[in-house]
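Structure at a glance
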Amino acid sequence: MILLAALLMSHCCWSLAAAESTELERIAKCDTKCSQGLQCKAKQSIGWFHPPCQNPAEGLNTTSVLHNVSFSTVMKCEGRQKCSLHLRIKTVLRLTESTHGVSVCTVTSGMTSNCQNFKFSKASREKMSGLQVEVENDCTQVFPNQQVQVTVETVPNYCGLTWTSSYQAPGCISEDLRRHVPDCITGRLSYNNIPERKELSVKVSDMLEGHDYNVRLCYKNFICIGAGAPTLIKKEQPIKSVTLPYSRPLPCLCIEGWSAVMDAPRVQLCPFKDRVEELWSGITFDPLEETLLWEPSCPITAVAALCQKQENGVCLDLPQSSQNVSREKVTFSKVDPHPQLCVKFTAGSQSWTRCPFADGRFQAWEVSVTRQQGHKEMKMSSQINATFSVGLCVKSEGSSECHATETQSVHVEKHKAVDLKMAGELYDSCLQVKRVDVKHAVTVIHCPKQCDQPHARPVVASQASLDLTWVVLPVGVCLSGIIIITLVLHVMLTVYQRRKQKRNAVCTSKKQTDSVKKTKYSALLATTVKPLVSQQQPTAT
C-alpha cells in the first residue's frame, strides 16, 4: 500500500514538472552574455551581402575552434497578453589570438539577413587564449512556427570555420503561447446544444483584450466554408455569448471564432463530429434516366455499394456496385428501383444501410399468380418497357437460396400484361424474376402458398396486392363496426317500443274500468231518482 502511494505521488510530481516545463523561460529584456572574464561587445548589421571568407591564420586549427551551437526559445512579456518570442543562440568556441569575435546571422523566409557581431577585446583574447568560452544572445525576435536559418562564423570570417543549421520556433499548439502571445490567442469556445430548436448556444472566454470577436458556423473541408454571416461580439458586452441556428447536425459542421483583427488565428469546435450517420441521407433517383444519386454533405472516406435486403434484415452486396466515397458525387446508373434494393455505406468498421425505394413509390413492375379453374396462372405487368429473366427455382431445405431449374427471357411493354407460360409446375417451385435490361437489379424470389382447395383465393406476388390488403382490412373493420352498432340500436329501439306498448295497454285498461264504473253509477242513480219523481207528481182529480 505504501509502495502504491509512493508511485502515485511520484507520478503526480512528474506530471506537474512536465506541465511546468511546457512554459517558456521568461526574460525581462534581451541581452548578450559572454563567459566570465571575456569582454565582448555586440554590434548588429543587416544586409543581403556578406564579406567573402579568408584563409585561416597560420597555426589555426579550424576543426577545434567552433565546438557547439545550441538554440532555445524564450518569452519576453510586457503584459498578460503582450508577449513575444525570442531565439536564444549559445555558441561555444575555443578562443585564439587570431579569433577576434563571432558573427551570428539569422535568415527567415522573405526577410533579409540579420547579423549580430560579437567582438572580443584584445586583452581578453591574450589572457584567455586557448580556453573554451561561451557567447549567448537572445535578441533575435521570432514568430510562432517560424523557420529560421542560423549561420555562425568567426571574425574575421575564416574559410572552413562556418556552422549552419535551421531552427523552427514553437507553434501555437503550446498552451503557453495560446494564452500570452497575440499571434496565438484565439479565444476559448464552449457550447450547449438545444436539439428541439436546432440551436447552439456559444460562449466565448479568454478573448484578445481590447478587440471585438467574430463567431460563425462553417462546414469544415480544406478550409472552413461559412454557413452564414459571422456574429460580432462587442468587447464591451458583459456576457460574451451568441445563439447560432443550424439545419442538420452534420459531423463537419463547426463553430469558428476569431478576434476582429487582420490575419487573426481562428479556433474551431465541431459539436457533431461523431454523428457520421447523418451523412447517409439525401439519396435521390431520376426515374427517366434510372439513375441513383448521392452526394456527401461532408468529406469522408467511405465505400458505397448497392445491396439486396433479405427477409432476415441482412443486405447482400450486388456484384460490381462498390464505389469509393470522398468528396465527389456518387452515381449508380441504370438501376431497377425495387423496394428490396438498398445502398450500404461502410466507413471504417461500421456500416449503415439506406433503402430509398422501400415505400414502393418507384416500383416499375409486378408479377401476379392466380388460380383459375384449378390451374395457376402467372401474369407480369410493367409501368415501362422492360426485359426480364423469369424462371422456376427450388429452395433448399433449411436455406434461403433458390436454385433455378429453368429460365426464359420475357419482354413486357408498358401497361401491357404478359402471360407467363412456364414449362414446369409452380406447385412445388418458386418464381424467380430479375430485370436484365439494367445494370443493377435485385433477384426477386416469390413462393406462393401451396393450396389444394379448388376455391382458394388468388395469391398476388406484388407490393400492390399487399397494399390492397391493407386497404380492404380497415374497410372491413369499419363495416363490421357499423353493423354491430346498427344491431345494438335496433335491439334498443325494439325494447323501447315494447315498453311503450305495455304502458299504453295499462292506460287503456284503466280507462275502460273507469267507464264501466261510471255507467253502473249512472244506472243506479237513474233507478233511484225515478221513483222519487213519480211520488212527487200530483194526482189527477
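Look above for the structure.
What you are looking at is a predicted structure, and each value in this text was computed from that prediction instead of being measured.

Rules and cut-offs
Residues numbered from 1 in each chain as written. Predicted model: local features only at pLDDT ≥ 70, side-chain atom pairs only at ≥ 80, totals over all residues. Heavy atoms only, no water. Phe/Tyr/Trp six-rings, centres within 6.5 Å; stacked < 30°, edge-to-face > 60°. Helix = DSSP H or I, 4+ residues; strand = E, 2+ residues; numbered from the N terminus. Buried < 20%, exposed > 50% of the residue type's maximum accessible area, 1.4 Å probe, protein only. Lys NZ or Arg CZ within 6 Å of the ring centre and 35° of its normal. Pairing = 2+ DSSP bridges. Axes fitted to C-alpha atoms, helices over the stretch in contact; angles between N-to-C directions. Salt bridge = Lys/Arg side-chain N within 4 Å of Asp/Glu carboxyl O.

1. What to know about the packing of aromatic side chains
Across all of its chains, the model carries 11 aromatic pairs by this definition. Relative to Phe357, the ring of Phe285 has its centre 5.1 Å away and its plane inclined at 85°; by these criteria the two rings are edge-to-face. In this pair, Phe285 sits in strand S19 (residues 284-286) while Phe357 sits in the loop between strand S26 (350-354) and strand S27 (365-372), placing the two residues 72 residues apart along the sequence. The interplanar angle of 70° and the centroid separation of 5.4 Å between the aromatic rings of Phe285 and Phe362 together place this pair among those described as edge-to-face. Here Phe285, found in strand S19, pairs with Phe362, found in the loop between S26 and S27; they are 77 residues apart in sequence, far enough to count as distant. Its relative accessible area of 14% is what places Phe285 among the buried residues. Judged by its relative accessible area of 25%, Phe362 is partly exposed. Three or more aromatic residues link up through ring pairs in this structure, and these residues are Trp280, Trp294, Phe345 and Trp352. Between Arg266 and the ring centre of Trp258, over which it is positioned, the NZ or CZ distance is 3.8 Å.

2. A short note on the sheet that holds strand S33 (residues 443-446)
In any sheet, the strands associate via hydrogen bonds between backbone groups, in a parallel or an antiparallel arrangement. An order of S30-S29-S32-S33 is seen for the 4 strands of this open sheet, with the pairing classed as antiparallel. Edge positions in the open sheet fall to strand S30 (402-412) and S33, since each of these has one partner strand only. For this sheet the average axis-to-axis angle between neighbouring strands, irrespective of direction, equals 25°. Where strand S32 (residues 430-435) meets S33, 4 bridges bridge the pair, whose relative direction is antiparallel. Paired with Lys434 across the two strands is Thr443, which belongs to S33.

3. Comments concerning the pattern of salt bridges
Scanning the model with the defined rule gives 23 salt bridges in all. A salt bridge links Glu256 to Arg216; the nearest nitrogen and oxygen atoms lie 2.8 Å apart. Of this pair, Glu256 sits in strand S17 (residues 253-259) while Arg216 sits in strand S13 (residues 213-220), placing them 40 residues apart in sequence. Judged by relative accessible area, which is 4%, Glu256 ranks as buried. Taking relative accessible area as the criterion, Arg216 reaches 15% and is therefore assigned buried. Of the charged contacts, one joins Glu290 and Lys334 as a salt bridge, the two residues approaching to 3.0 Å between their closest N and O atoms.

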